[in-house]
There are 2 protein chains.
Amino acid sequence: MDSAATTSDLTDHLGYWLRLVSNHVSQAFARKVEARGVTVAEWVVMRQLLDVEVLAPSRLAERMGATRGTVSKLADRLIGKGLAIRSPDPEDGRGQTLSLTLAGRTLTPELALLADQNDAEVFGGLSARDRAALARILRSIVDNRGLKAMPIE
Amino acid sequence: MDSAATTSDLTDHLGYWLRLVSNHVSQAFARKVEARGVTVAEWVVMRQLLDVEVLAPSRLAERMGATRGTVSKLADRLIGKGLAIRSPDPEDGRGQTLSLTLAGRTLTPELALLADQNDAEVFGGLSARDRAALARILRSIVDNRGLKAMPIE
DNA sequence: TATTGTTATACTCTATAACTATA
DNA sequence: TATAGTTATAGAGTATAACAATA
């Protein structure tokens with residue numbers, strides 16, 4: 001590659017390419033979900049709630065790799081849109097739980113289909129072999145680095 | 001993979017893994033440059049200016065894939081930190097040019113080294129073969145999708 | 001005292017659109 | 001009228017820290 005004396009070129013960085021593609025994927029997805037009236041961060045919350053049905057804000061924050069304050073604000077927005085509800089935890093007077101409304105449970109799988117479609121658009125041009133290699137390499141970085149936060153897709 | 005009837009799983013999406021890793025790379029890099037008093041977006045501007053020495057804000061916006069307003073604000077911050085200067089274009093009364101100060105020209109290669117180090121930390125656990133495959137696959141997505149914006153790394 | 005959740009505050013990043021000065 | 005640049009405004013995303021209620 002470069003000699004040691006050469007100033008490193010920004011475009012030589014793998015992180016550069018990763019971010020370029022990742023930004024593109026996320027922005028394309030953001031445009032798709034925007035038409036359904038939600039943001040990408042809101043989608044992540046909805047997707048989590050669809051799986052577990054009922055979840056404490058603090059658990060959700062851990063799963064998303066976000067702070068409790070961030071989750072509180074996202075929950076406010078989803079509640080304002082009629083997609084989620086907040087209820088007191090019957091077993092702990094301090095606790096709250098979040099869950100999807102019927103509208104939220106209906107919308108979430110539709111958003112998941114948009115994510116499928118987005119993936120197909122961006123990665124569909126790759127060979128099946130390259131898609132598999134990309135998935136394997138990304139997962140190995142996740143394992144190596146001990147990542148566990150849920151990103152905003 | 002999944003049967004057609006199964007709700008798509010968020011973690012099945014390649015975009016999910018891409019974003020998880022990309023966010024991690026960027027956040028790790030942001031922490032490194034923060035210690036030098038600049039943000040990631042500011043670094044991208046500095047790196048561009050180091051290459052071309054003098055650049056109009058509108059050219060910079062094109063290269064970065066940002067709006068002129070965004071560049072204007074980033075330039076303000078760099079100027080405030082004594083890292084860049086703004087000068088009138090002698091050939092066009094409407095035009096301005098941006099360039100690095102001596103402090104900026106000194107700092108930029110140091111930031112590039114941090115980017116090298118960040119890449120090494122995140123991707124160093126991969127085999128050389130996998131690093132090459134990742135670079136090739138990412139570039140092929142960039143080509144397929146006609147991406148050309150400079151991302152913020 | 002520790003924990004849960006909310007709220008207050010602040011900052012980065014970004015975009016759109018209005019505005020100013022020049023061409 | 002068109003272009004270069006700045007400024008105003010807005011909103012997403014995020015974090016830290018203060019706070020209230022409960023354990």
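Quick caveat: nothing in here was measured; it's all calculated off a predicted structure.

1. Description of the overall build of chain A
Thinking step 1. Along the backbone of chain A there are 6 helices and 2 strands.
Thinking step 2. Counting from the amino terminus, chain A carries its helices and strands in the arrangement α-α-α-α-β-β-α-α.
Thinking step 3. When burial is assessed residue by residue, chain A has 45% of its 153 residues classed as buried.

2. Section: the side chain of B:K32
Residue and element names in this part refer to chain B.
Thinking step 1. Looking at the element boundaries, K32 is found in helix 1 (residues 14-34).
Thinking step 2. K32 sits in the buried class, given a relative accessible area of 16%.
Thinking step 3. There is a polar contact of 2.9 Å between the side chain of K32 and the side chain of E121.
Thinking step 4. Aside from chain neighbours lying at most four places away, what touches K32 is L114, Q117, N118 and E121.

3. Things to note about the interface of chain A and chain B
Thinking step 1. Each partner contributes to the interface: chain A provides 50 residues, whereas chain B provides 50 residues.
Thinking step 2. Both faces combined, the contact of chain A with chain B buries some 5,300 Å², and carbon together with sulfur accounts for 68% of it.
Thinking step 3. Run the count over chain A and chain B and you get 2 salt bridges.
Thinking step 4. At the junction of chain A with chain B, the criterion picks out 11 residue pairs in polar contact (both at pLDDT 80 or more).
Thinking step 5. Looking at the side of chain A that touches chain B, the elements with two or more residues in it are helix 1 (14-34), helix 2 (40-52), helix 5 (102-123) and helix 6 (128-145) of chain A.
Thinking step 6. With 14 residues, the top contributor of residues to the side of chain A that touches chain B is helix 6 of chain A.

4. Some details on the environment of B:E53
All names here are of chain B.
Thinking step 1. You can see E53 is positioned in the loop between helix 2 (40-52) and helix 3 (57-64).
Thinking step 2. Note: C-alpha distance between E53 and G124 (71 residues apart in sequence) is 32 Å.
Thinking step 3. Those residues in contact with E53 that sit more than four places away from it in its chain are L98, S99 and L100.

5. Overview of helix 5 (residues 102-123) of chain B
Thinking step 1. Over its 22 residues, helix 5 of chain B extends 32 Å from the first C-alpha to the last, a length consistent with the 32 Å expected when each residue adds 1.5 Å.
Thinking step 2. What helix 5 of chain B keeps buried is the set B:G104, B:L107, B:T108, B:L111, B:A112, B:L114, B:A115, B:N118, B:D119, B:V122 and B:F123.
Thinking step 3. As for helix 5 of chain B, its buried residues are in contact with helix 1 and helix 6 of chain A together with helix 1, helix 2, strand 2 (96-100) and helix 6 (128-145) of chain B.

6. Description of the packing of aromatic side chains
Thinking step 1. As enumerated under the stated definition, the model contains 4 aromatic pairs over all chains in all.
Thinking step 2. Judged by centre distance (4.8 Å) and plane angle (85°), the ring pair of A:Y16 and A:W17 falls under edge-to-face. You'll find A:Y16 and A:W17 in the same group, each marked buried.
Thinking step 3. Measuring from centroid to centroid gives 5.9 Å for B:F29 and B:W43, while their planes differ by 70°, and the two rings are edge-to-face. Here the residue B:F29 occupies a position in helix 1, and B:W43 occupies one in helix 2, the gap between them amounting to 14 residues. Across the pair, exposure class does not vary: B:F29 and B:W43 are buried alike.

Conventions we followed
Residues numbered from 1 in each chain as written. Chains lettered and ligands numbered in written order. Predicted model: local features only at pLDDT ≥ 70, side-chain atom pairs only at ≥ 80, totals over all residues. Heavy atoms only, no water. Helix = DSSP H or I, 4+ residues; strand = E, 2+ residues; numbered from the N terminus. Buried < 20%, exposed > 50% of the residue type's maximum accessible area, 1.4 Å probe, protein only. Polar contact = N/O pair within 3.5 Å; in protein donor to acceptor, adjacent residues only side chain to side chain. Contact = heavy atoms within 4.5 Å. Buried area = accessible area lost by both parts, 1.4 Å probe. Salt bridge = Lys/Arg side-chain N within 4 Å of Asp/Glu carboxyl O. Expected span 1.5 Å × (residues − 1). Phe/Tyr/Trp six-rings, centres within 6.5 Å; stacked < 30°, edge-to-face > 60°.

No statement about biological role is implied by the geometric values presented.
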